[in-house]
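Here's the letter readout for the chains.
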Amino acid sequence: MRNIMGTRILISIVAFFSLTALPASAEATNEALKKAIDKTLVYLENKKGRIMPMMISTLDYLNRTYGLKVDIAQQKAQLLIKPPKRRRALMRFMDERFIVPEYEIRNMEGIDAITASALYCDIYELPKDFFSRVNAMTEAGGYSLTHATLALTILKQRGCKYPAINYDIELKRYSRLLGQLIEKKGAESDVGTEAIVFLYLSGHGSTVKHEWIKKIIGAQKPQGGCGNNDHTTVLALWAMLEAQRQSMPAKLKNH
């Protein structure tokens, strides 16, 4: 993802993957899921102050959304005071009041430029070539595809409407491509896990397969991390948290 960020603009996203129709082994699977989540949380707590900076805003979102208590307060404060120069615009994911001048967004490049343009769609006009670039990203696959999905999801949640795009139609198409990406790269891979998270975010969590979540759990390392860095670990935590939330009986979700 290179920059998956949690923010209140995504809190209202629904239609996530449901595990309520799993076979009799579901109870055992849910217990394994809980253990994997707990192990990941312990791993992140032990890294206090040393978590990959780009994942702080994602953890901030997870803390707020799932009631976690991963201690990132100091790192978050430091980032808001002294953000990376080329990614200052993305700090708005953590604080809506953090707004940069339009020229900073226009000077950004690649995936981050598309993400930032979407994030500020309620303030600044999108670049004229925005949707053509997003379409090219979709065709390119990989992280370009996942971030094209993120960009449209942000636009939709921000309520930024454009006659040239139908979010529901496009995101449904993206969901099929994300599924293909997961099958090709593996659910436990960094890009595969990211694709699963973006299926949830885009409202197409119903396409997430039970076996994909099991692969994420199975790939967890003894100490609680996943993959080779915090990026994969935090994404895996996010995917597992959603799977766990959707496995609860409906009557419990309402409390």
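Since we're looking at a predicted model, the values are computed, not measured. (Residues numbered from 1 in each chain as written. Predicted model: local features only at pLDDT ≥ 70, side-chain atom pairs only at ≥ 80, totals over all residues. Heavy atoms only, no water.)

Caption draft 1: Up close: the nonpolar core. Judged by nonpolar contacts, the single largest core of 78 residues is most densely connected at Leu59, Leu62, Leu155, Ile196 and Leu237. Take this core: its biggest share by element is 9 residues, from helix 11 (residues 230-247). Sequence-distant contacts of Leu62, defined by excluding residues within four places in its chain, comprise Gly67, Leu68, Val234, Leu237, Trp238 and Leu241. (Core = buried A, V, L, I, M, F, W, Y, C linked by side-chain atoms within 4.5 Å. Buried < 20%, exposed > 50% of the residue type's maximum accessible area, 1.4 Å probe, protein only. Helix = DSSP H or I, 4+ residues; strand = E, 2+ residues; numbered from the N terminus. Contact = heavy atoms within 4.5 Å.)

Caption draft 2: Quick peek at the packing of helix 2 (residues 56-66) against helix 11. Where helix 2 meets helix 11, the closest approach of the two axes is 10 Å, and the angle between their N-to-C directions is 20°. In this view, helix 2 runs roughly parallel relative to helix 11, as classed from their interaxial angle. At the point where helix 2 passes helix 11, the crossing takes the left-handed sense. Across the interface between the two elements, Thr58, Leu59, Tyr61, Leu62, Thr65 and Tyr66 from helix 2 touch Val234, Leu237, Trp238, Leu241, Glu242 and Arg245 from helix 11. Classifying every residue of the contact of helix 2 with helix 11 gives 8 nonpolar, 2 polar and 2 charged. (Axes fitted to C-alpha atoms, helices over the stretch in contact; angles between N-to-C directions. Parallel < 35°, antiparallel > 145°, perpendicular 65-115°, else oblique. Left-handed = near helix turned anticlockwise from the far one by under 90°. Nonpolar A, V, L, I, M, F, W, Y, C, P; charged D, E, K, R; others polar.)

Caption draft 3: Expanded view of helix 6 (residues 130-140). Among the residues of helix 6, those classed as buried are Phe130, Val134, Met137 and Thr138. For helix 6, the arc enclosing every buried residue in end-on projection is 100°, short of the 170-degree limit, so these residues lie on one face. Set apart from the buried face of helix 6 by more than 90 degrees, the exposed residues are Glu139 and Ala140. Packing partners of the buried residues in helix 6 comprise helix 5 (110-119), helix 7 (142-158) and helix 8 (167-185). Of the residues trailing helix 6, Gly141 is marked for its positive phi of about 75°. (Arc of directions from axis to C-beta.)

Caption draft 4: Spotlight on the pattern of salt bridges. For the structure shown, the criterion picks out 18 salt bridges. The salt bridge involving Lys34 is made with Asp38; its shortest N-O contact spans 3.0 Å. Highlighted residues: Lys34 and Asp38, both in helix 1 (residues 26-46), separated by 4 residues, approximately one helical turn. For Asp230, the salt bridge identified is with Lys47, shortest N-O distance 2.8 Å. (Salt bridge = Lys/Arg side-chain N within 4 Å of Asp/Glu carboxyl O.)

Caption draft 5: Fine view of the packing of aromatic side chains. Inspection of the entire model under this criterion finds 4 aromatic pairs. Look at Tyr61 and Trp238: their rings are 5.2 Å apart centre to centre, the planes differ by 50°, and that puts the pair in the tilted class. Linking Tyr61 in helix 2 with Trp238 in helix 11, this pair joins segments that are 177 residues apart in sequence. Residue classification places Tyr61 among the buried positions, given a relative accessible area of 4%. Summarising the aromatic geometry, the rings of Phe131 and Tyr162 are spaced 5.5 Å apart at their centres and angled 65° between planes, so their arrangement reads as edge-to-face. (Phe/Tyr/Trp six-rings, centres within 6.5 Å; stacked < 30°, edge-to-face > 60°.)

Caption draft 6: Structural context of the layout of surface pockets. Of the pockets and cavities examined, the largest pocket occupies roughly 220 Å³. What lines the largest pocket is Lys85, Arg86, Arg87, Arg88, Ala89, Glu104, Asn107, Met108, Glu109 and Asp112. When grouped by side-chain class, the residues that make up the lining of the largest pocket number 2 nonpolar, 1 polar and 7 charged. (1 Å grid on protein atoms, 1.4 Å probe; cavity = no way out; pocket = protein on both sides within 12 Å on 5 of 7 lines; lining within 4 Å. Points joined across faces, edges and corners; volume = space filled by probe spheres on them.)

Caption draft 7: Structural context of the packing of helix 6 against helix 8. For the pair helix 6 and helix 8, interaxial distance at closest approach is 10 Å and the crossing angle is 25°. Classified by the angle between their axes, helix 6 and helix 8 sit roughly parallel to one another. Seen along the crossing, helix 6 lies across helix 8 with a hand that is left-handed. Contact with helix 6, carried on its side by Val134, Asn135, Thr138 and Glu139, involves Arg173, Tyr174 and Leu177 of helix 8 and no other residues of that element. Considering only residue class, the contact of helix 6 with helix 8 consists of 3 nonpolar, 2 polar and 2 charged.

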